[in-house]
Amino acid sequence: MAKRSASGNHNSLSAEPHVHQRGREIQRYGTITHAFHLELEEPVRLEMTEQLNQLLADSMTLRDLYKKSHWQVAGPTFYQLHLLFDKHFDEQVEIVDAIAERIQLLGGLAIAMAPDVAETTQIERPPRGREEVPVQISRLLDAHQIIIRDCRKVADRAAKLGDQGTNDLIVSEVLRPNELQSWFVSEHLVNMPLVHATEEVSKAAD
Ligand SMILES: [Fe+2]
């Protein structure tokens, strides 16, 4: 490791990589920087970043729930669900990035690591083991429901506080894709005959 000079300056040129470094945090979680050029008051940005972080933790959990479902799905609908779950995973990756970057843009700090997400999310933790398809789908729908409910709440609040950018992001890039995914997934829980159609009522009465 390079030695520090007497003045404490350790920027001397060297081809050696300075590995295993640690330092103090330059911004504490739950605080915002002075982004005065946004014309949004600090209390507004602070409240929005808090609410967006909840939405972020829940979206990261749903994203991971889709990958778990993609890997562990079984049964006659394996192939279509395997593909559908991965498509929704990819879309949730985009959603997560959009929310996190909005938090950073507002001067806040986006939650990032799995243990912090686990402590924050409102979504029920699934078992490590494999579950039946209807249970997998029910868990995904429950997660969508939590996110959709929060989207409406945060979008309303953002509009009231004059943060139209956050309102637009939530409605266009979080709420609508979640509504669409929710529909695609929920149709799989409709009890539909696979081979024999149900007999017509008039025929059955003969
Ligand atoms: Fe895969």
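Residues numbered from 1 in each chain as written. Predicted model: local features only at pLDDT ≥ 70, side-chain atom pairs only at ≥ 80, totals over all residues. Heavy atoms only, no water.

Engineer: What is the right way to read the packing of helix 1 (residues 42-72) against helix 2 (residues 78-105) from this model?
Structural biologist: Working note: a packed helix pair is described by the angle between its axes plus the distance between those axes. For the pair helix 1 and helix 2, the least separation of the axes is 8 Å and the interaxial angle reads 160°. Looking at the two axes, helix 1 sits roughly antiparallel to helix 2. The two elements helix 1 and helix 2 meet at a crossing, and its hand is left-handed. When the residues that make up the contact of helix 1 with helix 2 are grouped by side-chain class, the tally is 14 nonpolar, 8 polar and 4 charged. (Axes fitted to C-alpha atoms, helices over the stretch in contact; angles between N-to-C directions. Helix = DSSP H or I, 4+ residues; strand = E, 2+ residues; numbered from the N terminus. Parallel < 35°, antiparallel > 145°, perpendicular 65-115°, else oblique. Left-handed = near helix turned anticlockwise from the far one by under 90°. Nonpolar A, V, L, I, M, F, W, Y, C, P; charged D, E, K, R; others polar.)

Engineer: How do you make sense of unusual backbone geometry when you look at a structure like this?
Structural biologist: Most peptide bonds take the trans form, and the phi angle of most residues other than glycine is negative. Even without being a glycine, His 20 presents a positive backbone phi close to 55°. Structurally, His 20 is set in the segment before helix 1. Overall, His 20 belongs to the exposed group, its relative accessible area being 72%. The backbone of Glu 39 sits at a positive phi, close to 60°, despite the residue not being glycine. In this structure Glu 39 comes out as exposed when scored by relative accessible area, which is 72%. (Buried < 20%, exposed > 50% of the residue type's maximum accessible area, 1.4 Å probe, protein only.)

Engineer: Looking at this structure, how should I read a nonpolar patch on the surface?
Structural biologist: A contiguous nonpolar surface patch, about 320 Å² in accessible area, is contributed by Phe 78, Tyr 79 and Leu 83. On the secondary structure map, Leu 83 appears in helix 2. (Patch = residues over 30% accessible without salt bridge, like charges linked within 9 Å, V, L, I, M, F, W, Y side chains within 5 Å. Areas by Shrake-Rupley, 256 points an atom, 1.4 Å probe, with all protein chains shown as cover. Salt bridge = Lys/Arg side-chain N within 4 Å of Asp/Glu carboxyl O.)

Engineer: How should I be thinking about the environment of Asn 53 in this particular structure?
Structural biologist: By secondary structure assignment, the location of Asn 53 is in helix 1. Using a relative accessible area of 4% as the deciding quantity, one classes Asn 53 as buried. Taking C-alpha positions, Asn 53 is 9.4 Å from Gly 108, a pair spaced 55 residues apart along the chain. Not counting residues up to four positions away in its chain, the partners in contact with Asn 53 are Tyr 29, Ile 103, Leu 109, Ala 110 and Ile 111. (Contact = heavy atoms within 4.5 Å.)

Engineer: Whenever I open this one, the pattern of salt bridges confuses me. Can you help?
Structural biologist: Oppositely charged side chains can form a pair if their charged atoms are brought close together. Applying the stated criterion to the full structure yields 10 salt bridges. Where Arg 63 meets Asp 64, a salt bridge forms, and the shortest distance between an N and an O atom there is 2.9 Å. For the salt bridge of Arg 102 with Asp 163, the shortest nitrogen-to-oxygen distance reads 2.9 Å. Of this pair, Arg 102 sits in helix 2 while Asp 163 sits in the loop between helix 4 (133-161) and helix 5 (164-186), placing them 61 residues apart in sequence. Within the structure, one salt-bridge network assembled from shared partners comprises Glu 124, Glu 131 and Arg 139.

Engineer: So what exactly am I meant to see when it comes to the nonpolar core here?
Structural biologist: The nonpolar side chains of a soluble globular protein tend to be buried, and buried together. Ranked by size, the top nonpolar core spans 41 residues in total, and within it Leu 56 and Ile 99 carry the most contacts. Broken down by secondary-structure element, the contributors of at least two residues to this core are helix 1, helix 2, helix 4 and helix 5. No other element matches helix 4, which puts 12 residues into this core. Other than its neighbours up to four places away in sequence, Ile 99 contacts Leu 52, Leu 55, Leu 56, Ser 59, Leu 169 and Val 174. (Core = buried A, V, L, I, M, F, W, Y, C linked by side-chain atoms within 4.5 Å.)

Engineer: Just checking my understanding: could you explain the packing of aromatic side chains for this structure?
Structural biologist: Two numbers describe a pair of aromatic rings. These are the distance of the centres and the angle of the planes. Within the structure shown, the criterion is met by 2 aromatic pairs. Geometrically, the ring pair formed by Tyr 66 and Phe 85 is tilted, given 6.0 Å between the ring centres and 50° between the ring planes. Pair noted here: Tyr 66 is in helix 1 and Phe 85 is in helix 2, with a separation of 19 residues, a long-range link. As far as burial versus exposure is concerned, Tyr 66 and Phe 85 are alike and both buried. With 5.2 Å between their ring centres and 80° between their planes, Trp 183 and Phe 184 make a pair best called edge-to-face. Its relative accessible area of 39% is what places Phe 184 among the partly exposed residues. If you follow Lys 67 out to its NZ or CZ, it ends over the ring of Phe 89, 4.3 Å from the centre. (Phe/Tyr/Trp six-rings, centres within 6.5 Å; stacked < 30°, edge-to-face > 60°. Lys NZ or Arg CZ within 6 Å of the ring centre and 35° of its normal.)

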